[in-house]
Structures are given as C-alpha cells and as structure tokens.
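# Understanding the architecture of this molecule
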Protein chains: 4
Amino acid sequence: MVIIVLNLIDIFVEMKGNSFGSIFRITTFGESHGKALGVIIDGCPAGLEIDENFINHELARRRPGQSAIVTQRKEPDQVQILSGVFNNVSIGTPISLLIENKNQKSKDYSHISEKFRPSHADYTYQEKYGLRDYRGGGRSSARETVARVAAGAIAKLLLKQIGIEITAYVCQVGHLTWEGELSLDNIKEIEKNPVRCPDPNLAVEMETLIKEIKKQGDTVGGVIKCTINNVPVGLGEPVFDKLHADLGKAMLSINACKGFEYGSGFEGTKMRGSEHNDQFTIKEGSVSTGTNHSGGIQGGISNGMPINFKVAFKPVATIMRDQESIDEQHQKTIVSGKGRHDPCVVPRAVPIVEAMAALVLADHYFRNKTSKI
Amino acid sequence: MVIIVLNLIDIFVEMKGNSFGSIFRITTFGESHGKALGVIIDGCPAGLEIDENFINHELARRRPGQSAIVTQRKEPDQVQILSGVFNNVSIGTPISLLIENKNQKSKDYSHISEKFRPSHADYTYQEKYGLRDYRGGGRSSARETVARVAAGAIAKLLLKQIGIEITAYVCQVGHLTWEGELSLDNIKEIEKNPVRCPDPNLAVEMETLIKEIKKQGDTVGGVIKCTINNVPVGLGEPVFDKLHADLGKAMLSINACKGFEYGSGFEGTKMRGSEHNDQFTIKEGSVSTGTNHSGGIQGGISNGMPINFKVAFKPVATIMRDQESIDEQHQKTIVSGKGRHDPCVVPRAVPIVEAMAALVLADHYFRNKTSKI
Amino acid sequence: MVIIVLNLIDIFVEMKGNSFGSIFRITTFGESHGKALGVIIDGCPAGLEIDENFINHELARRRPGQSAIVTQRKEPDQVQILSGVFNNVSIGTPISLLIENKNQKSKDYSHISEKFRPSHADYTYQEKYGLRDYRGGGRSSARETVARVAAGAIAKLLLKQIGIEITAYVCQVGHLTWEGELSLDNIKEIEKNPVRCPDPNLAVEMETLIKEIKKQGDTVGGVIKCTINNVPVGLGEPVFDKLHADLGKAMLSINACKGFEYGSGFEGTKMRGSEHNDQFTIKEGSVSTGTNHSGGIQGGISNGMPINFKVAFKPVATIMRDQESIDEQHQKTIVSGKGRHDPCVVPRAVPIVEAMAALVLADHYFRNKTSKI
Amino acid sequence: MVIIVLNLIDIFVEMKGNSFGSIFRITTFGESHGKALGVIIDGCPAGLEIDENFINHELARRRPGQSAIVTQRKEPDQVQILSGVFNNVSIGTPISLLIENKNQKSKDYSHISEKFRPSHADYTYQEKYGLRDYRGGGRSSARETVARVAAGAIAKLLLKQIGIEITAYVCQVGHLTWEGELSLDNIKEIEKNPVRCPDPNLAVEMETLIKEIKKQGDTVGGVIKCTINNVPVGLGEPVFDKLHADLGKAMLSINACKGFEYGSGFEGTKMRGSEHNDQFTIKEGSVSTGTNHSGGIQGGISNGMPINFKVAFKPVATIMRDQESIDEQHQKTIVSGKGRHDPCVVPRAVPIVEAMAALVLADHYFRNKTSKI
C-alpha cells in the first residue's frame, strides 16, 4: 500500500446549492463582474415553443436603468440560447441560457477589496471560502437573479400551456401599505408605474418616498405579494416538500428576503379555528371555499383556490454613507458608499418573485405527473 | 417490437418529498393509524454516542397528554433503534428509528371517512391520490412529526459535540405576545410551564386562554421563536440553499405553519438601510455586530451571531363544532367535531421546531465540510 | 462572535449511498446481526395492489436453506408492512418493509472481531469508519439484499401492470457454461432446479460441481444472465443516466459482483461495425431489428427489443480454510473459516438480479413519465 | 374552483440525467451541431489553481484530427471559463466551461433527417421526444464528451493535490490484445503512438488494422484498461454507491460502451475462492495484498491497492456502406454512410475514460470527507 501524505496549507472550502428544483431543475452560474451569468434548465419537456422575445421581455422587467427609482447601471441583458432548442422548439435536452456582463465597472469596488461592507455577504464569504471575488459582491450579488428570471421565463411559457397565471406586485414600501385586493382593473396598473403597485395613487406616493430616501443616500425595504391563479388541484408533495414550503424556500433564497407567509400568515395566528377554517362549498359546479385563509394550499397540496403569499425584503444594504466596519485583518475601518445601487429593491424584485414561483410550480407540476402507472 | 397496450382505469398518483437534508439526510414514513411511524437517518457519522434516553426525552416533550392544554390521547412513544448503532455508538450505516402506534382509535374517524374536514388535507389528498387513509388524517397527521423529533434528537447529540445550542419557545398565543429577549434567567422557565413561554406570568395567562378556548370547542394559533447559539461562521450555501432558506423550508414543512421570518423579518421592511445595517465591530477579540437585524445570517451564510427566527402556526383545524363541508361525491354535508385534539398547537410544536432546526444545522455543518481538499 | 473550539479526538466517518433510484426510490437499512433489515420505498404510486404473499414468495427464492447447495442458515424472512398500504392498496405514501433477524449466531463471529477476513470488507470498513459491526460483516453482508428483494417485489408488481417481464438465470458456474437461448420451454426449468439454470442436464452438473467444491471447503464464482421483455420504447435518460448505465450500477452494487455487460458485451468489441449494427426492419407491423447486439438499448434508451445483460460474480470470499491475514493492529495472523456460508452465490443471486433490474425499470418508467406537459 | 382543461395535442417528453456526481457534481449541455457545448462544475472547492492550458491539453488528447486513424473533422476545442475562477484560482462558486462548435457541417446530415441510422440513437430519441435534432446525432453524439473531458481536467487538477494518478490505455483493438502489465517503461509509450497502446509494436499492428478497416468503410471495437494509483483507503460508499458501481456507471455512460469489469472481472468467475482471495500482508510497513483480484476495491471501498478496470467499446455504428433501415413513417429505406467518422473509438476514448474516472474519484473523495464531526 502506498502512504498518502496530505499536506495542504490553505483552507479550501467549496460551495454548492446552485441548483433548484427536482424535475424541472435549474443550475445557475456566474459572478457579478465575471464574463457572464447563465443557467442550465434540465427537465424542460420536448416540444415547447421557446419564445426568445419573451425571455428578453422578462429580463427587461428586471433590468437596471428601467426607471428613475432603480439603479442606473446599464446592462442590456440579452439572452443567448446555447443548447436544447432546435427550430425554436425545445428538444428535451438541457437548455443553456447565457447573459453576458457588459457594464461592469470593477474599479468601483477596489475600495472594498479588503473591507467588509455591513450587512453584505463579504465577511461570510471570506470566512467560508478563504478568498472572494469582491467585485460587486461576486456571486452574492443580486445580479445572479438575472439567470433565475431567464429560466423563470421558460417556466412561465410552460405554465401558460397549462393555464397557470402568476402575478406579483408591490404592496408595501417602507410604511406605505396597500391593503386592497387584485381586481381585473387594478391588475393592469401594476406594470404601468415604476413601483409596480396596483394602486396608481399609492404608487406615486411610494415613488416619491423612494426618491426622497435616495436623496438622503439611504434605502428602504418593502413587501411583495404574489397571486397564482388556475392552479390544478394536487400540486405539492406532503411532508417536507409541501407546496408552500418549496415556495417559501424559493422566496427566501432571493437576495435581501427576510420573511415569507402565505394565506392568513402571521396575522392568522391570532384567529380562532372557527373563524380561520375555510369551509367547503360548491360554486358554479366546482369545489370552492368561502374564505381562503389557506392561501390555496391545504396539507401542502394545492386545492384549486388562488395561491397567495407575501415576501418581505429588507432595505438594501448598500447606502451612500460612511459606516463602521472591519477589514480582512479584523481591524476597525470605515466603509463609504459608492457606485450605482437601488434605493429600494422591491420594484425590480417583482419579476424575480414571479420567476421563482414559476419554477416551483413547473417543478411540482411534473412531480405530480410522476405518478400514474 | 412488441406493442404494449396500457389500459389502466384508475388515476394512480404517487407521492414523494419524504426526505429532508442532503448529507445528514432523513426519510420518514408512517401514517397516524398504521402500525408504526419511523425514520431512517442516512449520513450520521460513525463514532457518535447514541443516547436512547435522550431521544425518549425529546419524544416526551412532544407527547400528547403531557399537560391539560394538549390533546389527551395517550401515546407512549418509545423509540426502537433497529440499525446503525452497535454498542451504543453509531457505526456510519443508516440509523433506523421506529415508534409504534399504540393508541389509535380508528373508529373515531369513521364519521369522516367520506367527508372532507375544512382546512384539513382530506380533500387535497383525495384528489391527488384518488384514495386516502382517512383515519386521523393518515400521513397528513401531525403525528408524522414524531419521526422528525426522534431524528432531531440525534442531530442534537451531534450538534452538542460542536457546541451548537438550539432553544425554541412560545412567544405568542392568540393576541398574547411576549416581546422580551431570552436571558440566562428566563430560559430556565421555558420547560417549567405547559405553554413553554419564558415569562411565567404570561404563561399562566396563555394557559388560561387556551383552556377557555378549549371549553368553547374552539382553537387558537400562535408563534414560536427560536434562537441558535454558537453557530460557526460559514454554514449555509449561497444562492438557493441559503441557511435561512433551508430553515424556512424546514419550518414551513411543519403541519399548520403559515409563515417564517428571521432577523428583522417583516417589521424590518419598514426600516431604512442606515438603521438596519449591522455594523461590524470587535468585541472581546472576536468579530461581532452591534445590532443583529441579520439574525445571524448574511448572504445566506452564518456570521457567528445568534441565529433567530419566528414561526407562525394557524389555529388547529379540528374544532368541536359543526361545520359546512362537502363529501366525496361533492355533495354538501356537515362535519361535526370529534376526538381528542390540541386546542393550540404551539406548546407541543416547540420540540418540533427545535428538531427541524437541528436537522438543518447538522446537514449544513456537513455540507460545509465537503470542502477542504 | 463566539469562538468555537473543536476538540474531537477520534476519526468519525459517515456513510451514505443507501438509497437507489430517483423517482421510484428505495432506502435500505440494517445490519446482518442487528434487530432487523428493511427498506422504505418512496415514490410508489397510489392505487397499486400490494400482494404480501408475492413479496414473501420472492424472499423465499433468495432465502438461505432453500436447497443443499446454499448456506444452511435458517432465516424465515417474512416481511412486515409498516406503512404506505391501506386495505392492501398503496396510498402514495412511503411503503416501509421490515424483515426481522431471527437466526443470528453472533458468537460465530467472535473469532474475527479483531481480524480482517481476506477479500471481505472488514479492513476497508474499519479504516473508513474507525469502528465496525464485525458480526457477519454487519452492513457489508449480502444479507442486506433481503431488503432489495422485498422492494424489488413491489417494483415487479408495478411492472406487471405495464407488461414488463424480467427473467434471470444462471448461465455459468465455474467453467460450466450454458450458451443456449431462453425459450418458452427451457424458461420453465429455471426455478425447478436449485442452481436456477434453464438446462436441466447442465444444472445437475453445476450442482455436482458446487457440492464437490463445498466439500473441499472452497467456493466458486459464476455468471447470471437476465432478459427483460415487453419494455416500452423510450425508457432511459441520455448522457449519464443511460438505461444500461443504471442497470450496470444496479448490478455492480450487488455483493460479489465483478462485471457487467449488455448486448454484445466484451465479445462485441472484436466485431466489425458492418456485422454489429442492428439494421431496422418491420416485423409483424412493428419496428424491429434483425439482430440484437444492442441488447435492446440504443443511445441509452430502450428500443423495444428484449433487453439482456450478464453479471459476473466472484467466488464467495468465506472459505473453510486457514488464510493469512492481519489484525486491527496490522500484525500478521491466521483467519480460519467458520460458519454457514454459500459455496456459490449465483443460485441465490438470481432473484436479487431480478429485483435490482425491476427497481431500475420502475424508476425509469416514471422518469420517462415526468414528461408530457 | 377553476376547472382546468388540458388540451395538448403533441407528445411532449422531457429528458434529464445530464448531471453526474453528488458533491463534486457536473451538469453538461449542448448538441453536436448547436452553438456550443459546456459544463457546470458545482462543488469544486475554493482555492484550487485552475490551469487553463491543462484543460486545453486534455481536450487536445480527445480532439478529432489528431492522427490519421481518427475522424478528420477539425474542431479546435478551446475552453472558455465563464465563471467560478478569479485570478486563476477557484472561488467555490460554479465553474462554467464553454466549448464553441466551429466546424459543424450540418448539411452532411440532411440525408438522415428522416431516416434512422442502424445502432444509433436516432430511432429511440425520435420515439422518446417526438422530435430530434438530427444533425450529427444532436445530444446523442459523442461530441458531448468534450464537456466531460473539460470537467475531468479540473477533477484531475484536484486529484493531483491528493496524489491520485489515473492512467488509461488501449489494451485491445478488434482481435489484437495486449496482455502485459503497465510498467514505468511502457507507461511512457502510451501517448507516443496514435492508438494509445503501451506496447509500441502492437500499437503499429493496431494502427495498421484500423487503417485497413477504414479503407473498407468499416469500423472495429476495442477495450480500454484503466489503472488508478495512490488512492487513499476509504473511498466509496457501501451498498448502492460502491466505488466500482459508480465507476461502472461512469464508464457505461460513455457513448458506445458495452461492458465494464474490475479486478478479476468475468474471468474471475471461473476461479475458486482459495485462489481468488487477496490475502493481507505487510509490505514495506504498509497493509498490502499479495494478489489484487479485488482490483483495489473491497466491499465497495478502496483498500489502497491500485484500482484497475476494463471498458468495452463496440465498433462505431457509422459505416461507409449502405444499410437497410426505416424512416420516420416506418417505411423501409436505405441509409448510406457519409461524413467524417472514427473507424475505431478507443484511441480518442482514452482521455474520456480518464476524465470519468477522475470525476468519480473527486466526488468520492469529498463524499468521504462529509464525515468527521
């Protein structure tokens, strides 16, 4: 037998968790200031028409520079389809989507190459991996979500064929909250204002608030609500992969997300069972429930009622102010704000929430299909 | 070639999602009124002392009949270790834990064998699988969590060796809320009262409330808070398997859970970045942050500060009242309450929350180890 | 931040790889001389009739003591179904099967508690885990396959509904080889003789050979061939999970297996492409190929022709002779043969090969179903 | 409840199985005549120096046109690293490697756009997916292995740090077989001749044979042997993920592979246990076995002795002759040979076998690390 001497000095740590989904499964890659970001979709069925324009349309909804209240970085974000599509139709093989990085200003980040920005991932990445790509946060940057939106666009194309519709919108910015319900009227307003709030008047207030906060070099948090209609009964796997558990994980995996609740959520904990229970009834010949405190999911499985949930986003950590911090040698230092950043993340996070919801639904649609003998 | 004619009449649907974790991985099985419930732990390292008494101690904390405010079913819930342990030490092979069902009163459920209880999983299971074990909810029963607590006990034994400590407690029952912080004093109170609230006075109020609501044949929801101390820096995988995303999924997979937030949570969305950011400092020679709005996790990776999160539980769906519903033929019917059930789930859910947290931490501890070359 | 001091003395190593399959997925547990062996099947569809007698019938085919040429240990091996079945029908939840160990003679193994038997897993387990359950090989014992056969029986019940038929048999014992092809006549002979060879005359020769070798305290290897008929076109996933790659892994995971080949196998490497290619034709209205060097699989996907493959098994490592070896202190020692062991593994391995083939086919049947939108 | 009408006409089937490995995990994408092929490596530890030249060197060993006995297609096959590497060092995030397709002559394939080539994957893909990219076999082309070799190069860089060395070579072409053992001398010959046979004289004979067969428009099969030295004791997971089972699956997943055997293989089935057992001894202070019929693996776990295995490759299916076949309408037709193809696959398959072996070893190296508490 040969004796092996392992004599490695440095701490080498690896990273995983770059895949999501079990049957309709994506793996993303890329750093904020690397050559490109991208995603492989493994598990898209053959025969789906792949509309490249729709993917670019979704990317445009997420894109920086789309309005005065988001970061003014200019990233064209056009998708390239490298594989899995032949004559505009999916062929069952992995679909690889690439988005090149065009507007990186890496120099913007030299001032933090050895400092840890407060409430960013700089410190934890450095400790976990022993080194990091400090430029724009590297892999921890929200730029990674461009790959999710591209993959989510294909999931949406798939769900369209089944009839499932996903709509997310901003229901809160700072202290400004919209308590209304989506209707055929106000749903049209969402994409008409830069905040993506269904109430056009409140949207103006929110926009003003964001601009004021931006002027102060500060940031603010917010909440996004998402509604999913026409979901077939039966999606979701009991026990660990309950539909809402997978939706929750999907949302919590988005940068800056701090909380997730569905149906009656945290407020529902104050209710009595007799109020909270959704009693069954027959409505227009179909099974329905009068109330929908269950948020469309019972026992982890969709019950055919609209699915709805809320996602909390913290204020963006990058502020245009001096902050106390430490450097790589754990010495005290000052980090000052620089660069082009979002004062509030929720307007651009709306398509990301939709994309992640679409990926969960597409996956569970197929999981539920692995089924009939 | 042989032609295959598939001529299957019934809708057969399968179910998965009974496993949790990627390296320290559990798979649970069993129905509420079947022969037994159990769990296989695959990925427990060899050499860990397995203290059977500790597993039974944890099961006792979850057990029905432990106080006047929980269900009075009598389930002894003693664990049997079938494999993976030799001379009280783990040997690296799968550890199989079995808990027999002893006190099933299946007859209690004959009245709902063809009816769907509101806000239960009866309807969704029936639609998904085409049939169901209606006795006590079958697999959808919270009895399934007995397997999680047993596996979680072994995860806790493992984490003890690393120094990680997990403490959950009830911070809200209905409208009664405890806003305090855990201290060396009040932490001892948690297990002294049947509600598991760190404030003994509020615990009495909560107990009284639960008893009143029980008398009314009704139920009430609540919130559990969990704190995890001594977590090494570096646990959690970026992008999809962020530490808080996996904790969120773990909690949302517990029966009756409606929401999850960590650190500043939903309230934090109203803050400005300048308030919310946790500025770094050096405290007693170690990296620390003054505030902990990040809840011990930055960029999805533990930063060494205490991890804390809240879990929302809805009021139990089984109430001792008549409710409108439908039957399997989708005809209107009345479901009346019967059996022995919890008026409020949170006291017994405390050890379940801890167990799921322990499973997530144990798994990410090993994931972070798959690392040095 | 809290400093964590890890101060663990022993080398603790964990073990995984106890699961097989991706949708129809099994996880086995149990040691040779522990309380029980078992398996959880996660992914069996609801609505399948579970015939407990058939499971026991398959276990009987694998059972020790079934004839004079196999080990004379007496293990009744009756299955207990703990979950997932209600009124003899699968309900879509995990099916847990238990087989208790009844006839362990642990004392038989005290002589090897600190010695490594040649060509067994004693040494590698000890090095990998730092400790081992030495009784009967613990988890490395071929007794583990009892769980595979139980799970395979349920896979077979599933495949029966689709029409797929799996037949394995012994085609070689030592130098004795059967070159014939299965026919409607000789297929009936397989289970009539203890060797499980389709040629009754050769079976007698093989039986005589095995008995002679047994008398000498020695063992001998052999080859099993397996044929699968009525496989639908389209099973198997391209690239890494080709149908034959998954069959190969399944077979190679069986104790004592040393090789796998399908279709033309190793001999086919000597052929020219012009001989080897299976030209397409239409036979009785269906697509067929004249020859079947492809073994029913092209590009990793079933083509509707019979699938066939061969599995090589080495001579059993336990012989009734003194052998040189080393002990745990790496000192030279003598290991002498004891206990009740098989002189040749192939007769009892026939149902194991079938079980593993059934598990692969059932899994790929469902994988191919995760497909239509 | 909303009624969903699913009204989809076509058969849509999806495909997976494009990932390999559990911790050091790759996902490949790309079709033979698409824009590019590529691979994402998720699970490469941070801190590994990534030598781009070495990746290109490995690609050159696999490249078409490298000698007179391989296909004369001209594919430059230079790798582009899109992510996961910063300043030439891995940073723990997914490494994405891209190889553009430069020399596709898609027109070469128009003659088979509606015909099925015998013993290719045309028919099975068409049946499975309902459509296919017929150009060069699309995803079923052995061109997919370029991504494996690129990823395998990084696995090799990792294994170099541990000391593990992998050497594959051609030991058989048609009827010409080399029975020798690798030595310090003949190992240097392998890369000196176009066949990659360690015996230079036999290499000339093999080369002549291949050229003759090529002239006849025919093809021939062969066998590759692989030896892995300096493997630490303890790699491999018992039961289903035995080291040789994963090696077997890896090899069987390579295009044209028909069989796998390790150690004594199929020949060993004819031996007696008393001959076959590898008795332990101490050699130069280390544990060793006199013989190595176990092929370096006992109980599925590496024992420190050299690992060796053989891989059988069938004759290439594309021949320059007319063959009977059918078309998409299942009508009889003639397929004639065209294009630039390999007369024998084994010379170019040597680096592919090594790459797959490296991926298996790297993965099991980390799996074995998920271990110490």
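Structural data are supplied above this passage.
In this text the structure is predicted, and so the values were computed from the model without any measurement. (Residues numbered from 1 in each chain as written. Chains lettered and ligands numbered in written order. Predicted model: local features only at pLDDT ≥ 70, side-chain atom pairs only at ≥ 80, totals over all residues. Heavy atoms only, no water.)

The next point concerns the overall build of chain A. Along the backbone of chain A there are 7 helices and 18 strands. For 373 residues, the compact-globule estimate of 2.2 N^0.38 gives 21 Å, and the C-alpha radius of gyration of chain A, at 22 Å, lies within 12% of that figure. By principal-axis analysis of the C-alpha atoms, chain A measures approximately 65 × 65 × 45 Å. The buried share among the 373 residues of chain A stands at 68%. Counting contacts in chain A only where the partners sit at least 6 residues apart, residues at least 24 apart contribute 71% of the total. For chain A, the computed accessible surface area is about 11,900 Å², with 47% contributed by carbon and sulfur atoms. Treating the 44 positive side-chain charges of chain A as one cloud and the 43 negative ones as another, the clouds have centres 3 Å apart. (Helix = DSSP H or I, 4+ residues; strand = E, 2+ residues; numbered from the N terminus. Rg over C-alpha atoms; globule rule 2.2 N^0.38 Å. Buried < 20%, exposed > 50% of the residue type's maximum accessible area, 1.4 Å probe, protein only. Contact = heavy atoms within 4.5 Å. Areas by Shrake-Rupley, 256 points an atom, 1.4 Å probe, with all protein chains shown as cover. Lys, Arg positive; Asp, Glu negative; His and termini not counted. Charge placed at Lys NZ, Arg CZ, Asp CG, Glu CD.)

Bringing the interface of chain A and chain B into the picture now. Counting from both sides, the interface comprises 111 residues of chain A and, opposite them, 111 residues of chain B. Here chain A packs against chain B, burying approximately 8,800 Å² in sum over the two surfaces, 60% of which is carbon and sulfur. Considering only the side of chain A, the residues that lose the most area to chain B are F240(A), K258(A) and F280(A), jointly responsible for 10% of the buried surface there. At the junction of chain A and chain B, the tally comes to 6 salt bridges. Notably, a salt bridge pairs K249(B) with D241(A), separated by 2.8 Å at the nearest N-O pair. Connecting chain A to chain B are 47 residue pairs in polar contact (both at pLDDT 80 or more). Of the residues assigned to the side of chain A that touches chain B, the class counts are 42 nonpolar, 43 polar and 26 charged. Across 3 bridges, the pairing between strand β11 (residues 257–262) of chain A and strand β11 (residues 257–262) of chain B is antiparallel. (Buried area = accessible area lost by both parts, 1.4 Å probe. Salt bridge = Lys/Arg side-chain N within 4 Å of Asp/Glu carboxyl O. Polar contact = N/O pair within 3.5 Å; in protein donor to acceptor, adjacent residues only side chain to side chain. Nonpolar A, V, L, I, M, F, W, Y, C, P; charged D, E, K, R; others polar. Pairing = 2+ DSSP bridges.)

A separate point is the nonpolar core. Ranked by internal contacts, the top residues of the largest apolar core, which has 376 residues, are F309(A), F309(B), F309(C) and F309(D). In this view, F309(C) contacts I224(C), K225(C), C226(C), I228(C), L247(C), M251(C), F260(C), E261(C), Y262(C), V353(C) and A357(C); residues no more than four positions away in its chain are not counted. (Core = buried A, V, L, I, M, F, W, Y, C linked by side-chain atoms within 4.5 Å.)

Attention now moves to the sheet that holds strand β3 (residues 36–42) of chain D. By way of backbone hydrogen bonds, the strands of a sheet pair with one another, either parallel or antiparallel. Residues and elements named next belong to chain D. Here we have 5 strands laid out as an open sheet, ordered β1-β2-β3-β7-β4, and antiparallel in their pairing. Pairing within the sheet leaves two strands with one partner each, and these edge strands are β1 (19–20) and β4 (79–83). In this structure, strand β2 (residues 25–29) lies alongside β3, joined through 5 bridges in antiparallel fashion. By the bridge assignment for β3, T27 is matched with I40.

To continue, consider the environment of A168(D). Residues and elements named next belong to chain D. Looking at where A168 falls in the secondary structure, it is placed in strand β8 (residues 165–173). In this structure, the C-alpha to C-alpha distance between A168 and R25, residues 143 residues apart in sequence, is 22 Å. Look past the residues within four positions of A168 in its chain and what remains in contact with it is I190, I224, K225, C226, V350, V353 and E354.

What follows concerns the pairing of strand β16 (residues 307–313) of chain C. Residues and elements named next belong to chain C. Of all 7 residues that make up β16, 6 are buried, and the element is covered over most of its length. Examined bridge by bridge, strand β10 (residues 222–229) and β16 share 7 bridges and lie antiparallel to one another. The residue bridging I228 from the neighbouring strand is I307, located in β16. Pairing analysis gives 5 bridges linking strand β11 (residues 257–262) to β16, with the strands arranged antiparallel. Following the sheet pairing, E261 is matched in β16 by K310.

What follows concerns the packing of aromatic side chains. Going through the model one piece at a time under the given rule, you end up with 38 aromatic pairs over all chains. Here Y134(B) and F86(C) contribute two aromatic rings whose centre-to-centre distance is 5.8 Å and whose plane-to-plane angle is 80 degrees, an arrangement assigned as edge-to-face. On the criterion of chain membership, the pair formed by Y134(B) in the loop between α2 (122–129) and α3 (145–162) and F86(C) in strand β5 (residues 85–86) is interchain, its members lying in two chains. For the pair Y169(C) and W178(C), a centre-to-centre distance of 5.7 Å together with 75 degrees between the ring planes defines the contact as edge-to-face. The residues Y169(C) and W178(C) share a single accessibility class, namely buried. One aromatic cluster is present, formed by F116(A), Y123(A) and F280(B) through successive ring pairs. In this arrangement the basic side chain of K160(A) is found over the ring face of F54(A), its NZ or CZ atom lying 4.1 Å from the centre. Across from the ring centre of Y262(C), 4.1 Å away, lies the NZ or CZ of K258(D), which sits over that ring. (Phe/Tyr/Trp six-rings, centres within 6.5 Å; stacked < 30°, edge-to-face > 60°. Lys NZ or Arg CZ within 6 Å of the ring centre and 35° of its normal.)

Turning to the pairing of β3(D), a few remarks are in order. In summary, the side chains of a regular strand alternate between the two faces of the sheet. Residue and element names in this part refer to chain D. Counting buried positions along β3 gives 7 out of 7 residues, so the element sits mostly inside the fold. Side chains A36, G38, I40 and D42 of β3 all project onto a buried face; the interleaved residues L37, V39 and I41 project onto the opposite face, where all are buried too. Counting the residues that bridge the hairpin from β2 to β3 gives 6 residues, and of these G30 lies at a positive phi of roughly 115 degrees. In this structure, β3 lies alongside strand β7 (residues 95–100), joined through 6 bridges in antiparallel fashion. From the neighbouring strand, L37 faces β7, where its bridge partner is I99.

Turning to helix α1 (residues 52–62) of chain C, a few remarks are in order. All names here are of chain C. Taken as a whole, α1 has its buried residues at F54, I55, N56, E58, L59, R61 and R62. Among the structural elements, β4 (80–83), β7 (95–100), α3 (145–162) and α7 (346–369) are those in contact with the buried residues of α1. Capping the start of α1, D51 holds a side-chain oxygen 3.0 Å from the backbone nitrogen of N53, two or three residues further along.

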